[in-house]
Amino acid sequence: MKPISSRRRTSARALLATGLITGLALVSGCAKSEDDAAADKKPAAQGGSGGAAAASGTGAGGRTCTLDTFGGKKLDLKNATVGFSQSEKEANPFRIAETASLKAEAEKRGIKLLTANGQSQFSKQISDVQDLIAKGADLLVIAPLNSDGWEPVLSSARARHIPIVTVDRKINGTACKDYVSFIGSDFVEQGRRAADRMIEATGGKGEIAILLGAAGNNVTTERTKGFEQRVKEKAPGLKVVFQQTGEFSREKGQSVTEQLIQSKPGIDGIYAENDEMGLGAVNALKGAGKQPGDVKIVTVDGTRSAVQGIVDGWIDGVIESNPRFGPLAFQTLDAFTRGEKVPQDIVIKDSAYTKDNAKADLTKAY
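Residues numbered from 1 in each chain as written. Predicted model: local features only at pLDDT ≥ 70, side-chain atom pairs only at ≥ 80, totals over all residues. Heavy atoms only, no water.

The number of helices and strands found in the protein chain is 10 helices and 14 strands. Counting the 366 residues in the protein chain, one finds 58% classified as buried. For the protein chain, the proportion of contacts with a sequence separation of at least 24, taken over those separated by at least 6, is 78%. Of the accessible surface of the protein chain, which amounts to about 14,100 Å², a share of 47% is contributed by carbon and sulfur atoms. (Helix = DSSP H or I, 4+ residues; strand = E, 2+ residues; numbered from the N terminus. Buried < 20%, exposed > 50% of the residue type's maximum accessible area, 1.4 Å probe, protein only. Contact = heavy atoms within 4.5 Å. Areas by Shrake-Rupley, 256 points an atom, 1.4 Å probe, with all protein chains shown as cover.)

Set out below in structure tokens:
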């Protein structure tokens, strides 16, 4: 994650990737969408914000992976070809910033980067990665759409001893056999922190709804788990009375919230498992004649639009999930291909935006 000022909260449970440099100077910049239709959704330049940095501690019980254990030979990363598979159409600010971060770091290091985009179609993403392998990718960075169903890719990569690093979401496989490392947030902790914010915003009482992320990946499962655990533990007077997937999209988040308002007109709060769904919920509330603050909204990601929503009074808190994985991903691949140990799980720092810091930190959002 990006270095975070002392004013901003970091996850108490975030863990450090052993052997990786946490003080890395990281790349940022204006992320450019490859989809012309999404031009109006492009985030502005990232001000003082940077790339993802490992947090302090060691993930997965300190388990590491080495080239000897994984299989393969040492490789000079500068002479290698790296393939990056993006999962979703780059209209979502998270995906725009994620791809931009990988491209910027590859350019900075002078590394050949092949890219592909699955356009939110899992079968296409599988085909994309197979194509990257066929085109000669020596290493792979994958942002998986789903966690399951990767065996065809894993088999192909394993047969050629191609190291894989996954970012943001996990692939259900065996670390240091099917893939080398996962780099991402502690999603359960994100859910807990979102619950803390919701409890504070509602006073720990009332009826709330959850806009679930897309089914079939660990992010949705873990953000839901952490949220529900914390509410049960700390606020028994806060009842989850509605859950439905918004598929991580603004349009779906809006339509689901419109249904919610019809069935539960007195809803007190909405936990959206990403910013896009939360912004869709805001649109639905505006359409229903609600005023800022009538329904408490807490989201996860840290996009510029969501943080602006805090400034405008529509959103009560945003738990950050930093998409700028480029520096850590290439640092991990570099260390691994030189024969060094790398952690199997690299958990990154996550900050948060509240009414206290949203206006001042708006330029740090993506």
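Having put the structure on the table, let's press on.
Spatially, the six strands line up as an open sheet ordered 8-7-9-10-11-14, and their pairing is mixed. Each edge of the sheet is formed by a strand with only one pairing partner; in this case those strands are strand 8 (238-245) and strand 14 (352-353). Judged from the two bridges that link them, strand 11 (residues 317-320) and strand 14 form a sheet pairing that is antiparallel. Bridge pairing in strand 14 places isoleucine 319 opposite alanine 352. (Pairing = 2+ DSSP bridges.)

Let us now look at unusual backbone geometry. Unlike most non-glycine residues, glutamate 247 shows phi in positive territory, near 55°. Within the secondary structure, glutamate 247 is located in the loop between strand 8 and helix 7 (250-263). You will see that aspartate 301, though not glycine, has its phi angle at about 160°, which is positive. With respect to the secondary-structure elements, aspartate 301 resides in strand 10 (residues 296-301). In this structure aspartate 301 comes out as buried when scored by relative accessible area, which is 4%.

Burial of strand 10 is extensive: five of the six residues sit out of reach of the surface. Judged from the four bridges that link them, strand 9 (residues 269-272) and strand 10 form a sheet pairing that is parallel. Looking at strand 10, one finds that tyrosine 271 is bridged to valine 298. One ladder, built from four bridges, connects strand 10 with strand 11; its direction is parallel. Bridged to threonine 299 within strand 11 is valine 318. Read as a crossover between parallel neighbours, the route from strand 10 over helix 9 (residues 304-311) to strand 11 is right-handed. (Right-handed = clockwise from strand over helix to strand, strands pointing away.)

Here the focus is the state of the cysteines. For the structure shown, the criterion picks out one disulfide. Each sulfur of the disulfide joining cysteine 65 and cysteine 176 lies 2.1 Å from the other. Judged by the sign of its S-S torsion, about 85°, the bond between cysteine 65 and cysteine 176 is right-handed. Of the two residues, cysteine 65 sits in strand 1 (residues 64-65) while cysteine 176 sits in the loop between strand 5 (164-167) and strand 6 (181-184), which places them 111 residues apart along the sequence. Taken individually, cysteine 65 and cysteine 176 each receive the classification buried, so the pair is uniform in this respect. (Disulfide = S-S within 2.5 Å.)

Picture the strands of a sheet paired through backbone hydrogen bonds; they go either parallel or antiparallel. An order of 3-2-4-5-6-13 is seen for the six strands of this open sheet, with the pairing classed as parallel. The sheet is open, and its two borders are formed by strand 3 (112-117) and strand 13 (345-347), each paired with just one other strand. Going across the sheet, the axis of each strand differs from the next one's by a mean of 20°, ignoring polarity. As paired elements, strand 2 (residues 81-86) and strand 4 (residues 139-142) share four bridges and run parallel to each other. Paired with serine 85 across the bridge in strand 4 is isoleucine 142. Contacts from helix 10 (residues 326-337) reach strand 2, strand 3, strand 4, strand 5, strand 6 and strand 13 within the one sheet, and its direction differs from that of strand 6 by about 160°. (Axes fitted to C-alpha atoms, helices over the stretch in contact; angles between N-to-C directions.)

With that out of the way, let us pick up the packing of aromatic side chains. Going through the model one piece at a time under the given rule, you end up with five aromatic pairs. Measuring from centroid to centroid gives 6.1 Å for phenylalanine 94 and tyrosine 366, while their planes differ by 75°, and the two rings are edge-to-face. Highlighted residues: phenylalanine 94 in helix 2 (residues 93-109) and tyrosine 366 in the segment after strand 14, separated in sequence by 272 residues. Judged by its relative accessible area of 4%, phenylalanine 94 is buried. The exposure class of tyrosine 366 is buried, given its relative accessible area of 1%. Ring centres of phenylalanine 227 and tyrosine 271 lie 4.1 Å apart, and the angle between their planes is 10°; this geometry places the pair in the stacked category. Taken together, the residues phenylalanine 227 in helix 6 (residues 218-234) and tyrosine 271 in strand 9 connect sequence positions 44 residues apart. We note that phenylalanine 227, like tyrosine 271, is buried. (Phe/Tyr/Trp six-rings, centres within 6.5 Å; stacked < 30°, edge-to-face > 60°.)

Among the structural elements, isoleucine 111 can be located in the loop between helix 2 and strand 3. Along the backbone, isoleucine 111 and threonine 81 are 30 residues apart, and their C-alpha atoms lie at a distance of 6.8 Å. In this structure isoleucine 111 touches Leu77, Lys78, Ala80, Val82, Ala106 and Phe330, once residues within four positions along its chain are discounted.

Along the chain, the position of alanine 91 falls in the loop between strand 2 and helix 2. Between the C-alpha atoms of alanine 91 and serine 249, which are 158 residues apart in sequence, the distance is 9.8 Å.

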